[in-house]
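Remarks on the overall topology
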Amino acid sequence: MNALVPLPVLLPLCATGLSLAFGTRLGRFQRFISVAVLSAVLALSVILMIAADRQGPLSVHLGDFAPPLGITLVADRLSGLMLTVSSAVTLCVLVYSLGQGMTDRDKETPLAVFHPAYLILVAGVSCTFLAGDLVNLYVGFEIMLVASFVLLTLGGTGPRMRAGSTYVIISLFSSMLFLTAIAMTYAATGTANFAQLAGRLADLPIGVQTLIQALLLTVFAIKAAVFPLAAWLPDSYPTAPAPVTAVFAGLLTKVGVYCMLRTETLLFPGNRLGDLLMAVALASMVIGILGAVAQTDLKRLLSFTLISHIGYMVFGIGLATREAYGGAIVYVAHHITVQTTLFLVAGLIERRGGTTELTRLGGLARAAPTLAVLFFVPAMNLAGIPPLSGFIGKLGLMRAGVADGGGWAWLLVAGSAATSLLTLYVVAKVWNLAFWRAAPPGQAAAGTVLESGDDSDDDADAGPDRIRGTGDEGIAPAHRPAGAATGATLHGRAVITTSRLPRPMVAATAATIGIGLAFTVFADPLTAFTDRTAAELLQRTPYVQEVLGR
């Protein structure tokens, strides 16, 4: 079983080479490779999660080099769950992107770069979840960074290049901090392996431990978009195409949360910086949701709710109790699916209404009832309406705060309740403006060609990518723009509004909703699993014994 541990990383990397080799010459085979590999990664992730739950952590030392020399990959309950949820979500987003025609069909581009970049991103995410040492964790981050920059800047439009540049600058800064933290850790302990560090860091002076912990938390807080290190996110994500924004917002920020969970439990037990974590958790909740209240663009609004709800997860990490860790893990799994779904719905709204600017939308509940349902369910889940999984996660965290009884804990319980109510207000505002009220006079009609504001010099006859059988074919670009769509297509150029939404896009969005609802239906086994996961994280011994063999 241990031999399966590297495969979630190796399979996407190998498939990337095949995808690049075939390029646009065999587009259908390229798409088949991507879907098949991500399906295999999902199956492997489920197997590893079940095996880790039944047998304990699984590990492999690549090249058979023992720590600290070799690369160690470890799959325990936490990494197994994260792999499973992330694999399911990335597969759904891939299907959505295929429905949108998000393969690189530009005649000026010699390679179909979307599929290779997407597979590299999946490999980087898997590497991060399975990393058994700081160096390999850093490698996983850099793999994600390379793929992320390609995906953010696809099409090379001005807004995407500016957003991608901001994203890369922030990521490179955090990478430098990460390298500094790794160098300090290795200089102080002689290893970067998590299992060895679990024993050696405790022997260091308190000041050195705190400095290393603070550096690592800063790095991971940037990745997770924790306030006040989240200013880059609302300007970086909304310009990308809907599938890219969805997978970034739903998944990549949770990689930072996962790293915080892993290091705070395994390397720095004792909750030395717990008060600081709870303070930034409260600030993230309140400031993030107030930012969302002030937005009128759906993508920016969702970006601010993302920042806000990261605070719930940091709340659990800051409390550092078994119940708090369990609630945080439930909320991470819930939020990956719900936030991804909402950004996919935003793409469908843009496809149907021609914009994500709420002041220019209306009447979608009557015009597109399926789209209304696709928004309503995850929106209520994000707000934490019982008995959905958002409520289950928030309830677990708030119960942990009440059980703790400290001042910060009570403040966070109150902040959690207020944030949940404001989230309900925010999604209700979206519902009223985009779905419930009558359509405004300037709303784009079906068949209108919308150009991004950065493509005024493009060929007037340039049209969007079209896929047969999706409801997006055969509409001539007969009209000039009624509005601007900055992130509608892969190339950032034109999108044709359609009364009939592409079936693969709708099916993929419904599948992510189904995953979120499954967390509700199977809430009892899910919370039992996360409770065992929290207990394993606090024990540390199973992880250390598996890696070091003692």
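Calculation notes
Residues numbered from 1 in each chain as written. Predicted model: local features only at pLDDT ≥ 70, side-chain atom pairs only at ≥ 80, totals over all residues. Heavy atoms only, no water. Phe/Tyr/Trp six-rings, centres within 6.5 Å; stacked < 30°, edge-to-face > 60°. Helix = DSSP H or I, 4+ residues; strand = E, 2+ residues; numbered from the N terminus. Buried < 20%, exposed > 50% of the residue type's maximum accessible area, 1.4 Å probe, protein only. Lys NZ or Arg CZ within 6 Å of the ring centre and 35° of its normal. Polar contact = N/O pair within 3.5 Å; in protein donor to acceptor, adjacent residues only side chain to side chain. Contact = heavy atoms within 4.5 Å. Pairing = 2+ DSSP bridges. 1 Å grid on protein atoms, 1.4 Å probe; cavity = no way out; pocket = protein on both sides within 12 Å on 5 of 7 lines; lining within 4 Å. Points joined across faces, edges and corners; volume = space filled by probe spheres on them. Nonpolar A, V, L, I, M, F, W, Y, C, P; charged D, E, K, R; others polar. Salt bridge = Lys/Arg side-chain N within 4 Å of Asp/Glu carboxyl O. Expected span 1.5 Å × (residues − 1). Arc of directions from axis to C-beta. pLDDT = per-residue confidence, 0-100.

For the rest of this paragraph, the subject is the packing of aromatic side chains. Here the distance between the centres and the angle between the planes together describe a pair of aromatic rings. Applying the stated criterion across every chain yields a total of 13 aromatic pairs. Plain terms: the ring middles of Phe129 and Tyr258 are 5.0 Å apart, the flat faces sit at 75 degrees to each other, and that makes the pair edge-to-face. Placement of the pair is Phe129 in helix H4 (residues 114–130) and Tyr258 in helix H10 (residues 242–266), with a sequence separation of 129 residues. Judged by relative accessible area, which is 3%, Tyr258 ranks as buried. With 5.2 Å between their ring centres and 20 degrees between their planes, Phe375 and Phe435 make a pair best called stacked. Of this pair, Phe375 sits in helix H15 (residues 369–383) while Phe435 is found in helix H17 (residues 407–436), placing the two residues 60 residues apart along the sequence. Comparing Phe375 with Phe435 shows no difference in burial state: the two are buried. Through successive ring pairs, a cluster of aromatic residues spans Phe375, Phe376, Trp431, Phe435 and Trp436. A cation sits over an aromatic face here: Lys223 above Phe141, 5.0 Å from the ring centre.

Let us now look at the side chain of Thr337. Within the secondary structure, Thr337 sits in helix H13 (residues 322–353). Within the local environment of Thr337, its side chain forms a polar contact with the backbone oxygen of His334, the two atoms lying 2.7 Å apart. Setting aside anything within four residues of it in sequence, one finds Thr337 in contact with Val85, Val89, Thr512, Ile515, Gly516 and Phe519.

A few words now on the pairing of strand E2 (residues 71–75). Across the 5 residues of E2, 4 count as buried, placing the element largely inside the fold. Of the pairings in the sheet, the one linking strand E1 (residues 58–62) to E2 comprises 5 bridges and is antiparallel in character. Residue pairing for E2: Leu62 is matched across the bridge by Ile71.

Empty space within the largest pocket amounts to approximately 430 Å³. Every residue lining the largest pocket is counted, 16 residues in all, and those nearest its centre are Met49, Leu81, Thr84, Phe519 and Leu526. Mapped by element, the contributors of at least two residues to the lining of the largest pocket are helix H2 (27–55), helix H3 (77–100), helix H18 (503–521) and helix H19 (523–539). In terms of residue class, the lining of the largest pocket is built from 13 nonpolar, 1 polar and 2 charged.

This brings us to the pattern of salt bridges. Under the criterion given, the structure shown has 8 salt bridges. Across the salt bridge formed by Asp235 and Arg300, the nearest N and O atoms sit 2.9 Å from each other. Here the residue Asp235 occupies a position in helix H9 (residues 233–236), and Arg300 occupies one in helix H12 (residues 298–319), the gap between them amounting to 65 residues. Judged by relative accessible area, Arg300 falls into the partly exposed class, the value being 26%. For Arg399, the salt bridge identified is with Glu323, shortest N-O distance 3.6 Å. With Arg399 in helix H16 (residues 389–404) and Glu323 in helix H13, the pair connects residues that are 76 residues apart, well separated along the chain. Classification of Glu323 as partly exposed rests on a relative accessible area of 33%. In the salt-bridge network here, residues are joined through shared partners; they are Asp53, Arg77, Arg532 and Glu536.

With that out of the way, let us pick up empty space enclosed by the protein. A full pass over the atoms with the stated rule returns 7 cavities of 30 Å³ or more. Considered as a void within the structure, the largest cavity measures approximately 170 Å³ in volume. Taken together, the elements giving at least two residues each to the lining of the largest cavity come down to helix H5 (134–152), helix H6 (158–189), helix H8 (206–224) and H10. The leading source of residues in the lining of the largest cavity is H6, at 4 residues. Classifying every residue of the lining of the largest cavity by side-chain character gives 10 nonpolar, 3 polar and 1 charged.

Compared with an ideal rise of 1.5 Å per residue, which puts 16 residues at 22 Å, helix H1 (residues 7–22) spans 22 Å between its outermost C-alpha atoms and is within 8% of the ideal. Residues of H1 that are buried: Pro8, Val9, Pro12, Ala15, Thr16 and Ser19. Projected onto a plane normal to the axis of H1, the buried residues spread over an arc of 140 degrees and lie on a single side.

When pLDDT is averaged along the chain, the result is 84; 85% of the residues meet or exceed 70. Throughout residues 102–111 the model reports pLDDT below 50, and contacts reaching past four residues in sequence, or to other chains, amount to 26 contacts. The low-confidence segment residues 451–493 (pLDDT under 50) makes 119 contacts with residues lying over four places distant or belonging to another chain.

Assignment of secondary structure puts Ala75 in strand E2. Each C-alpha atom of the pair Ala75 and Asn2 lies 8.7 Å from the other, and the pair is 73 residues apart in sequence. Discounting residues that sit within four places of it in the chain, Ala75 has contacts with Val5, Ala52, Pro57, Leu58 and Leu130.

The subject of this paragraph is the environment of Ala294. By the secondary structure assignment, Ala294 is in the loop between helix H11 (274–293) and H12. Residue classification places Ala294 among the exposed residues on the basis of a relative accessible area of 60%. Along the backbone, Ala294 and Phe304 are 10 residues apart, and their C-alpha atoms lie at a distance of 9.6 Å.

Residues Phe227 and Pro228 are joined by a peptide bond in cis, for which omega reads 10 degrees. Tracing the chain through its elements places Pro228 in the loop between H8 and H9. Along the chain, Pro386 connects to Pro387 via a cis peptide bond; the corresponding omega equals 0 degrees. Relative to the elements of secondary structure, Pro387 occurs in the loop between H15 and H16.

This next bit is on H6. Given a rise of 1.5 Å per residue, 32 residues ought to cover 46 Å, and the 46 Å separating the end C-alpha atoms of H6 matches this to within 8%. Looking at the residues trailing H6, positive phi occurs at Gly190, about 80 degrees.

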